[in-house]
Amino acid sequence: MKGHGVVSRLVGARRILLLAAGAILALSIMGITAEAQETLMLSCSSQVYESFLDKAVAAFTKASGVQVKVDIVSSEAATSRLANGMSDLAASAERLDYRYRAAGFVEYPICKDPLVIIINAGNTAQSLTAEQVRNIFSGEIANWSEVGGKDKEIVTIIPAKENAAYRNFWRMIMAGEDVDFDLLASRSTMVLEATRRFPWSISFVTQGAVRGRAEGAKEVAVDGKTAGDADYPYFQVFSIVTKGQPTGTLLQFINFVFSDEVNGIITQHGMTPFAR
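A quick note: this is a predicted structure, and the numbers were derived from the prediction, not measured. (Residues numbered from 1 in each chain as written. Predicted model: local features only at pLDDT ≥ 70, side-chain atom pairs only at ≥ 80, totals over all residues. Heavy atoms only, no water.)

Caption draft 1: Looking closely at the overall build of the chain. A count of helical and extended segments in the chain gives ten helices and eleven strands. Within the span of the chain, comprising 276 residues, buried residues form 44% of the whole. Across the chain, contacts joining residues at least 24 apart in sequence account for 74% of those joining residues at least 6 apart. Taken as a whole, the chain presents about 13900 Å² of accessible surface, with 55% of it coming from carbon and sulfur. (Helix = DSSP H or I, 4+ residues; strand = E, 2+ residues; numbered from the N terminus. Buried < 20%, exposed > 50% of the residue type's maximum accessible area, 1.4 Å probe, protein only. Contact = heavy atoms within 4.5 Å. Areas by Shrake-Rupley, 256 points an atom, 1.4 Å probe, with all protein chains shown as cover.)

Structure follows, in structure tokens:
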């Protein structure tokens, strides 16, 4: 009987050891799976995402197996989320503020993209002067007949003021003058859909978001120049921002964004890629 007890204890101990070994193996497998399913958290401007980064992210995941979780926000919010530990990197349509630079943030300019004036496709207007654009968005010009168009009231549509498209437009075209508007879109790229829906509307957005999906809206020339002209003067710079020097998967992602594959995507959308 005593020997039987010893055997029982040995069997019990062996079961415990086997269970422990099984648990270690399971944890190891879980660790391997977690590593294989590594995820980057990206806070991204809607303009940058819809212009090219959506395709770049998909291509990166296909090539590396690394998932990228994207939160679409304004450029300002993207950088703020990065600063507060809510993402691993940010994508912005405006240059990095000096305060972030002083804090050790690193900016990687990826490409430049024209900021274009868009109108509803049913509007026969072809070109406006920069002064006319300023006067329309300041409220001084309220009817298309005042700029050679039909006798129809102008509907001005703008993105929310915290968005990079608005701030770049206000700086480059409005020269700091107050902007008057009829409709406000929460995201920069939402103005495209709104312009399609309102027959006598006018707005502004990154050219990359319009290219290939502009049905119902069209670009209007400014001072006779369009986004395709080499001397078109209104551009936004799209950048990736990291909190400190990137390493590991972050560096892998940034290197991929500068690859020939992504440069091809950028060029196809009418944007100009920058060298690393």
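Having put the structure on the table, let's press on.
Caption draft 2: How the structure looks around unusual backbone geometry. The phi angle at A175 is positive, at roughly 55°, despite the residue not being glycine. Mapped onto the elements, A175 comes out in the loop between α6 (164-172) and β7 (183-185). Here A175 falls in the exposed class, since its relative accessible area comes to 64%. Phi at D223 is positive, roughly 55°, even though this residue is not glycine. Considering the arrangement of structural elements, one finds D223 in the loop between β9 (217-222) and β10 (235-243). Judged by its relative accessible area of 45%, D223 falls in the partly exposed class.

Caption draft 3: Structural view of the packing of helix α2 (residues 46-64) against helix α9 (residues 248-257). Put simply, α2 and α9 touch, their axes get as near as 10 Å, and they point 125° apart. With respect to their mutual orientation, α2 and α9 come out oblique. As α2 packs across α9, the resulting crossing turns out to be right-handed. Counted together, L53, A56, V57, A59, F60, A63 and S64 of α2 and T249, Q252, F253, F256 and V257 of α9 form the full contact between these two elements. Class assignment of the residues belonging to the contact of α2 with α9 gives a composition of nine nonpolar, three polar and no charged. (Axes fitted to C-alpha atoms, helices over the stretch in contact; angles between N-to-C directions. Parallel < 35°, antiparallel > 145°, perpendicular 65-115°, else oblique. Left-handed = near helix turned anticlockwise from the far one by under 90°. Nonpolar A, V, L, I, M, F, W, Y, C, P; charged D, E, K, R; others polar.)

Caption draft 4: Geometry of the packing of aromatic side chains. Following the criterion strictly, the structure yields eight aromatic pairs and no others. When the centroid spacing of 5.6 Å and the interplanar angle of 70° are considered together, the rings of F137 and F204 count as edge-to-face. You can see F137 sitting in helix α5 (residues 130-138) and its partner F204 sitting in strand β8 (residues 201-206), a full 67 residues away along the chain. In this structure, K112 packs its charged tip against the face of F235, placed 4.5 Å from the ring centre. (Phe/Tyr/Trp six-rings, centres within 6.5 Å; stacked < 30°, edge-to-face > 60°. Lys NZ or Arg CZ within 6 Å of the ring centre and 35° of its normal.)

Caption draft 5: Focus on the environment of M271. By the element assignment, M271 lies in the loop between α10 (260-268) and β11 (272-273). Judged by its relative accessible area of 4%, M271 falls in the buried class. C-alpha separation for the pair M271 and S51, spaced 220 residues apart in sequence, amounts to 8.8 Å.

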